[in-house]
Amino acid sequence: QVQLVESGGGMVPTGGSLRLSCAASERTFSSFPMGWFRRAPGKERECVAAINWSGANTYSADSVKGRFTISRDNAKNTLYLQMNSLKPEDTAVYYCAARRALDLRITENFYDYWGQGTQVTVSS
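Just so it is clear, the model here is predicted, and its values are computed rather than measured.

Calculation criteria
Residues numbered from 1 in each chain as written. Predicted model: local features only at pLDDT ≥ 70, side-chain atom pairs only at ≥ 80, totals over all residues. Heavy atoms only, no water. Disulfide = S-S within 2.5 Å. Helix = DSSP H or I, 4+ residues; strand = E, 2+ residues; numbered from the N terminus. Buried < 20%, exposed > 50% of the residue type's maximum accessible area, 1.4 Å probe, protein only. Salt bridge = Lys/Arg side-chain N within 4 Å of Asp/Glu carboxyl O. Pairing = 2+ DSSP bridges. Core = buried A, V, L, I, M, F, W, Y, C linked by side-chain atoms within 4.5 Å. Contact = heavy atoms within 4.5 Å. Phe/Tyr/Trp six-rings, centres within 6.5 Å; stacked < 30°, edge-to-face > 60°. Polar contact = N/O pair within 3.5 Å; in protein donor to acceptor, adjacent residues only side chain to side chain.

Participant: Quick question: what am I supposed to make of the state of the cysteines here?
Facilitator: Considering all chains together, one arrives at one disulfide under this definition. Through a disulfide, cysteine 22 is tied to cysteine 96; the S-S separation comes to 2.0 Å. Between cysteine 22 and cysteine 96, the S-S dihedral sits near 50°, and the bridge is therefore right-handed. Note that cysteine 22 is positioned in strand E3 (residues 18–24) and cysteine 96 in strand E9 (residues 92–98), a separation of 74 residues in sequence. Of the two residues examined, cysteine 22 and cysteine 96, each falls in the buried class.

Participant: How should I be thinking about the pattern of salt bridges in this particular structure?
Facilitator: Oppositely charged side chains can form a pair if their charged atoms are brought close together. Enumeration according to the criterion identifies seven salt bridges in this entry. Residue aspartate 90 is joined to arginine 38 by a salt bridge in which the shortest nitrogen-to-oxygen separation is 2.9 Å. Of the two residues, aspartate 90 sits in the loop between strand E8 (78–83) and E9 while arginine 38 sits in strand E4 (residues 34–39), which places them 52 residues apart along the sequence. On the accessibility criterion, arginine 38 (6% relative accessible area) is buried. Notably, a salt bridge pairs aspartate 62 with lysine 65, separated by 3.3 Å at the nearest N-O pair. Residue classification places lysine 65 among the exposed positions, given a relative accessible area of 52%.

Participant: Explain the pairing of strand E7 (residues 68–73) here, please?
Facilitator: The two faces of the sheet receive side chains in turn, since in a regular strand these alternate between them. Only one face of E7 is buried, namely the one carrying Phe68, Ile70 and Arg72, since none of Thr69, Ser71 and Asp73 on the opposite face is buried. From the end of E7 to the start of E8, which pair antiparallel, there are four residues, and asparagine 77 there has a positive phi angle of about 55°.

Participant: Hey, could you run me through the nonpolar core in this one?
Facilitator: In summary, soluble globular proteins display a tendency toward joint burial of nonpolar side chains. Counting 30 residues, the largest nonpolar core has Leu4, Met34, Trp36, Leu79, Leu81, Met83 and Tyr94 as the members making the most contacts within it. Leaving out residues up to four positions away in the same chain, methionine 34 has contacts with Leu4, Cys22, Phe29, Ala50, Ile51, Ile70, Arg72, Leu79, Ala97, Ala98, Leu104 and Tyr111. With five residues, the next largest nonpolar core counts Cys47, Ala50, Ala97 and Tyr111 among its residues.

Participant: Would you mind showing me how to read the packing of aromatic side chains here?
Facilitator: Each aromatic ring pair is described using two quantities: the centre-to-centre distance and the angle formed by the ring planes. Tallied over the full model, the rule gives five aromatic pairs. Considering the side-chain rings of phenylalanine 32 and tyrosine 113, the 6.3 Å spacing of their centres and the 20° angle between planes classify their relative orientation as stacked. Here tyrosine 113 lies in strand E10 (residues 113–114) and phenylalanine 32 lies in the loop between E3 and E4, a separation of 81 residues in the sequence. For the residue pair phenylalanine 32 and tyrosine 113, the accessibility class agrees, reading buried in each case. Taken together through their ring pairs, the aromatic side chains of Phe37, Tyr95, Tyr111 and Trp114 make up a single cluster.

Participant: Mind showing me how you'd approach the pairing of strand E1 (residues 4–7) here?
Facilitator: A one-sided burial pattern is seen for E1, the buried positions being Leu4 and Glu6 and the unburied ones Val5 and Ser7. Here four bridges tie E1 to E3, and the two strands are oriented antiparallel to one another. Each bridged residue has a counterpart across the sheet, and for valine 5 the counterpart in E3 is alanine 23.

Participant: In this structure, what is going on with the side chain of threonine 91? I would like to understand it.
Facilitator: Residue placement: threonine 91 occurs in the loop between E8 and E9. On the basis of relative accessible area, threonine 91 is assigned to the buried category, the value being 18%. A polar contact is formed between the side chain of threonine 91 and the backbone oxygen of proline 88, at a distance of 2.9 Å. Of note is the side chain of threonine 91, whose polar atom sits 2.9 Å from the backbone nitrogen of valine 122.

Okay, here's the thing in structure tokens:
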């Protein structure tokens, strides 16, 4: 059972930056596609970024493209989300997730393991 623990959330002003981290409990993490999802108040959870096992292929939602960057360090069993130029509409609980398969997906139903979430609040 893979356990995922997010960190790095907090409150920042508009235009600020945060880097989220997600530590995985197993070395098998390195073979899984991973994703960052978020759930804003009153909205459904959405994928903001995803990455394949090697880091060679990534996906970013249009709403964050050019501002957020997903990356991973398989030697450290850690997934990252660098968030720049943050906006109030980025306020949400952010979750990392792992998919026990080879292909990259952006729908939450395809992910098998989830972290507990970390709150990101962007003040206007």
